[in-house]
Amino acid sequence: MNRKKGILRQTASLLSKGWVQYLLALLIIGVTLLFCLSFREGSDYHLVSFILLFVVSLLSTYLGTGPVLLASTMSALAWDYFFIPPHNTFKIDRTDDILIFGLFFVIVVVSGILTTRVRRQEMLARERERKTNALFQLTRELSKASGIGEVVRVATEGISAHFSPESHIILRPSHLIPRKEGELVSYDQLPETELQVAQWVFIHSRKAGVFTDQPMETRYTWYPLTGSRLNPGVVALLQEASFDGEIKTFWEAYMTLISNAIEREFLGEMAQKVRFLDESDRLYKTLFNSISHELRIPVAAIMGASDTIVNTNVSHKVLSALTREIFTASLRLNRLIENLLNMSRIESGHISPRTDWHDINDLINKVTTDLTDELKPFSLRVEIDQEMPLVRLDFGLMEQVLYNLLYNATQYAPATSEVTIRCSYSAGNLNLEVSDQGPGFPEDELKDIFRKFYRIRGSHSGGLGLGLSIVKGFVAAHNGTITAANRSGGGARFTIVIPSEEPDITGWKTPASPE
Amino acid sequence: MTEQENILIIDDENQIRRLLDITLSANGFRTMLTPNGKEGLVMAATHHPGLVILDLGLPDIDGHEVLKKLREWYFKPVIILSVRSAEEEIIRALDHGANDYLTKPFRTGELLARVRAALRTGENKTGEAVIVSGKVNIDLANHVVRKQEEIIKLTSTEFSLLSLLAQNRGRVLTHQFILKEVWGFGYIEQSQYLRVFIAQLRKKLEDDPAKPAMIVTESGIGYRFN
C-alpha cells in the first residue's frame, strides 16, 4: 500500500518538472504515430485523426499547456506528413483535406488548452478545499486543546504542515507562564537577537524580518498575533518565499484562529485568577473574623479568671475552679494554634510526610491518652484486626488526623454514647475508621465538610472549621483518601484508606547477636 | 530526700523560666536560673546541680552546643525543652546524651514526672543486677525475666532489647540508638524489626499490650522503660 503510494508520489513530482512533461508528450505522440503507421495502408486516414485527437485530449488532462501545444502541433503536422495523401510530404492535394487539416489543428489546440484550463480550475478548487479543510481542522483541534502549551503545540504542528517546516510561537507573560511584565516567553531556545526582533514585533504589532519592509537581523519572518482584546504574542516562520495572494489570505486566516485560541486561554486564565483572588479574599476575611473570635474567648476566660484570683480573696474551692477555667482556656488556645500551624503547612504545599514503620496501637494509644479527659464521658471501643501488620506512616501527621476526628466526636456526640476506632489491613491498604453515635451530618452538607472554614449549619459555637480540612490534607499527604458518611443507625463515620505495603521483616532471624 | 535536689534551668524565655521556677520550688526543688548558655555552663560547673533543664533555642549559643560541652564532664540527667514537631532536633539531642525531652507547651504535671524519673535514673545507674517494674522482675545477671514469679521465656534478641531499655530506665532511647545497640550498625534504618520486637515484648510482659505501662512509645522519637 505504502509502496504504491510512494511510487505515485514520485511520479507526480517527476511530472511536475517541465522538461519531463515535454519529453513525455513527444514520446506518447511518437508511439501513437508508430501504432497508426502500422495500418496506414488499408484504412481511412481520417480514423488516424480521431485517434490522435483522442490521445492529445487525454494528454491535456495530465500535462501543462506547453507540452499539450507541442503534442497537438506535432500530431497535426505528423498526420499531414504521414497520412494525408500523398504520403511523406506536407503537401495536401484535396481542398477538403486542407480544411480538415486546419480544423484538426484548431480542435486539437483548443481542446488541449480548454482541458488544461478546466484542470487548473479544478486544481484551484481542490486547493481551496484543502485550505478550508485545514482551517476547519485547526479550529477543531484548537477548541479541543486545553492549556496554553497544548494550543501552542497544535498551532506549531499546523503551521509546519501547511506553511513552514520551522516556526516559533512566543507569548506574553501571564499567570501560568510568569515572567517580568513586558518580557516574552519562548517555548523554544532562540538566540538573543531573535528574541529582540520578537520583542519589537510584539511592541509595534507589525511584521518584521525576511520578506517584510522591516528587514532585521533574523532568519525568520515575524508576525504579530493579534487578538480582539489583547495581543497574545508573536510567531516566527522560516519562509522560502514571500506569502502573496491566496497563500497570504490562507495564512492570515490561520493566524487569526491561532491568535484567538491563545487569547481565549489567556482570558480564561485571567478570569480564573480573578475568581481565585476573590476566593482568597473571602477566605482571608473569614479567617480573620473567626480567628479573632476564637482567640478572644479563651483569652477572656484567662484574663477574667486570673484577675479574680489576683485581686479578690477567693476561697480555695473557687480558686481551684477558676484555675481549671484557665487551664481549659489554654488548652483551647493551644489547639487553635496547632490547627492554624497545620493549616498553613497544608496551604504552603510543603508537607512531605516522614514515614516510618509504626504499630497502629501506638498511634491509637497516644491519641486516646492525650484525649483522656475529653473521652471520659464516652465509652471508647478500639477494634484492631488480629493480623494487623506494621504500617508505614508519618506518626505526627496521623496523630493530628486521629486527634481531630476523635475530638470532633467528643464535641458532637452525646455523653455515654459509644465512640469506635476500627482498624484493619487489606489489599495493601491501612483502613482506619472512626465512628460515633452523634447527630451525623445533614446529607446535603456531606460534600462540604472537608472544606476549610466550613461549619455545619446551626452547629454550636467554637472551632474554626479547620479540623476536618487538616485531616483531609494530612491523609492526602499520605496518598490516602478519607470519606465521611452517616451511619445507618445514626452518627458519623469517617473512613480513611492509606496505602502501606507490608513491612519486610525477613531478615529478623539474623540480627547481630549481642553479648 | 531527692526533693532537695538542685536544678539548673537554662531558658531564654522569661515566662517559661518563671513558671519552671515556681512549679519546681513549690514541689520542693531548689532552682538556679539563667537565660543564656554560656552562663549556664559556668553555673553547672560551679554549683553541680542534680539535673539540668536545657532549652534548645538559646540566643547566645546553640542548645546542642551547650549539651555537648556539658556532657564532656557532667553525667547527671539533662532534660531538653523544645518546640513541638521538631523531632529531628529532639532525636539529635537524645543521641548526644540528653536523658529526656519536653515539648512546649507542656503540662507541669508532665514536667514533674519527667524530672523525678530522671533523678531516679541518676541514682539507679550504678549497675543494678535486678530491675523491677510493676509485676515484672528482670534479673540481668542471670538472664531471667519473671512476671509475678512466673518465668517468661524470651529469645536472646528480646532479652537484649529488654535489658537495654531497663538499664536506661526513665530515659528516652531513640530508635536508631536501640537498633545500633541491639542489632548493630547495619540495621539502624530497619525500624520495622524494632517495632515487631517491641510488640512481642509487650505481648509477653505488659498487662494490657495495647496500653503499655512499662515500655512506653515516645511518638516519632523512641522508647522509654518505666
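Keep in mind it's a predicted model, so treat the numbers as computed, not measured. (Residues numbered from 1 in each chain as written. Chains lettered and ligands numbered in written order. Predicted model: local features only at pLDDT ≥ 70, side-chain atom pairs only at ≥ 80, totals over all residues. Heavy atoms only, no water.)

A. Focus on the overall build of chain B. For chain B, the helix and strand inventory stands at 8 helices and 12 strands. Expressed as a percentage of the 226 residues in chain B, the buried residues total 52%. Long-range pairs, those at least 24 residues apart, make up 58% of the contacts in chain B between residues at least 6 apart in sequence. Element-wise, carbon and sulfur atoms account for 51% of the exposed surface of chain B, whose accessible area totals about 10400 Å². (Helix = DSSP H or I, 4+ residues; strand = E, 2+ residues; numbered from the N terminus. Buried < 20%, exposed > 50% of the residue type's maximum accessible area, 1.4 Å probe, protein only. Contact = heavy atoms within 4.5 Å. Areas by Shrake-Rupley, 256 points an atom, 1.4 Å probe, with all protein chains shown as cover.)

B. Looking closely at the overall build of chain A. Counting secondary structure elements, chain A contains 13 helices and 12 strands. Each of the 515 residues in chain A was classed as buried or not, and the buried ones make up 39%. In chain A, the proportion of contacts linking residues at least 24 apart, taken out of those at least 6 apart, comes to 65%.

C. Quick look at the interface of chain B and chain A. Contact residues are listed per partner, giving 27 residues for chain B and 28 residues for chain A. Across the interface of chain B and chain A, roughly 2400 Å² is buried in total on both sides, 48% from carbon and sulfur atoms. A salt bridge links Arg 354 of chain A to Glu 87 of chain B; the nearest nitrogen and oxygen atoms lie 3.0 Å apart. At the boundary of chain B with chain A, the tally comes to 8 residue pairs in polar contact (both at pLDDT 80 or more). Contributions of two or more residues to the side of chain B that touches chain A are made by helix 4 (87-95), helix 6 (156-167), helix 7 (175-182) and helix 8 (191-205) of chain B. A per-element tally of the side of chain B that touches chain A places helix 8 of chain B first, with 9 residues. In the side of chain B that touches chain A, the residues fall into 11 nonpolar, 9 polar and 7 charged. (Buried area = accessible area lost by both parts, 1.4 Å probe. Salt bridge = Lys/Arg side-chain N within 4 Å of Asp/Glu carboxyl O. Polar contact = N/O pair within 3.5 Å; in protein donor to acceptor, adjacent residues only side chain to side chain. Nonpolar A, V, L, I, M, F, W, Y, C, P; charged D, E, K, R; others polar.)

D. Structural detail: a nonpolar patch on the surface. Residues and elements named next belong to chain A. On the surface, Leu 24, Leu 27, Ile 28 and Val 31 cluster together to form a nonpolar patch covering roughly 330 Å² of accessible area. Position of Val 31 relative to the elements: it lies in helix 2 (residues 18-37). Val 31 sits in the exposed class, given a relative accessible area of 52%. (Patch = residues over 30% accessible without salt bridge, like charges linked within 9 Å, V, L, I, M, F, W, Y side chains within 5 Å.)

E. Layout of the confidence of the model for chain B. Residue and element names in this part refer to chain B. Mean pLDDT over chain B works out to 87, with 95% of the residues at or above the 70 mark. Put simply, helix 5 (residues 108-124) is where chain B has its lowest mean pLDDT, 82, and strand 1 (residues 6-10) is where it has its highest, 94. Scored as a complex, the prediction yields pTM 0.61 and ipTM 0.81. (pLDDT = per-residue confidence, 0-100.)

F. Local environment of the pattern of salt bridges. Residue and element names in this part refer to chain B. The tally for this structure, following the rule as stated, stands at 34 salt bridges over all chains. Here Lys 104 ties to Asp 55 by a salt bridge, and the two come within 3.1 Å at their closest N and O atoms. A residue pair is termed long-range when its members are at least 10 positions apart, and Lys 104 in strand 5 (residues 100-104) and Asp 55 in strand 3 (residues 51-55) qualify at 49 residues. According to the relative accessible area criterion, Lys 104 is buried, its value standing at 19%.

G. How the structure looks around the packing of helix 6 of chain B against helix 8 of chain B. Residue and element names in this part refer to chain B. Across the interface, helix 6 lies against helix 8 with an axial gap of 10 Å and an inter-helix angle of 85°. For the element pair helix 6 / helix 8, the angle class is roughly perpendicular. Contacts from Thr 157, Glu 158, Leu 161, Leu 162 and Leu 165 in helix 6 reach Leu 194, Phe 197, Ile 198, Gln 200, Leu 201, Lys 204 and Leu 205 in helix 8. Class assignment of the residues belonging to the contact of helix 6 with helix 8 gives a composition of 8 nonpolar, 2 polar and 2 charged. (Axes fitted to C-alpha atoms, helices over the stretch in contact; angles between N-to-C directions. Parallel < 35°, antiparallel > 145°, perpendicular 65-115°, else oblique.)

H. Summary view of the sheet that holds strand 5 of chain B. Residue and element names in this part refer to chain B. Spatially, 2-1-3-4-5 is the arrangement adopted by the 5 strands of the open sheet, whose pairing is parallel. Whereas interior strands pair on both sides, the edge strands pair on one side only; in this sheet they are strand 2 (30-34) and strand 5. Recorded for the sheet is a direction-independent mean angle of 20° between the axes of neighbouring strands. Sheet topology places strand 1 next to strand 2; 5 bridges connect them, and they run parallel. Bridge pairing links Ile 10 to Thr 34 in strand 2. Packed onto the sheet, helix 1 (residues 14-26) meets strand 1, strand 2, strand 3, strand 4 (78-83) and strand 5 and runs at close to 170° relative to strand 2. In this fold helix 3 (residues 63-70) packs onto strand 1, strand 3 and strand 4, with an angle of close to 155° to the strand it touches most, strand 3. (Pairing = 2+ DSSP bridges.)

I. Seen up close, unusual backbone geometry. Residue and element names in this part refer to chain B. The peptide bond linking Lys 104 to Pro 105 adopts the cis configuration, its omega dihedral lying at -5°. Counting through the fold element by element, Pro 105 comes out in the loop between strand 5 and helix 5. For His 143, which is not a glycine, the phi torsion comes out positive at approximately 55°. One can find His 143 in the loop between strand 7 (136-139) and strand 8 (144-147). A relative accessible area of 53% places His 143 in the exposed class.

J. Here's a closer look at the packing of helix 6 of chain B against helix 7 of chain B. Residue and element names in this part refer to chain B. At a minimum axis separation of 10 Å, helix 6 and helix 7 run at an interaxial angle of 130°. With respect to helix 7, the element helix 6 is oriented oblique. Handedness of the crossing formed by helix 6 with helix 7: right-handed. Residues Thr 157, Ser 160, Leu 161, Leu 164 and Leu 165 of helix 6 lie in contact with helix 7, whose contacting residues are Phe 177, Ile 178, Glu 181 and Val 182. Looking at side-chain class alone, the contact of helix 6 with helix 7 contains 6 nonpolar, 2 polar and 1 charged residues. (Left-handed = near helix turned anticlockwise from the far one by under 90°.)

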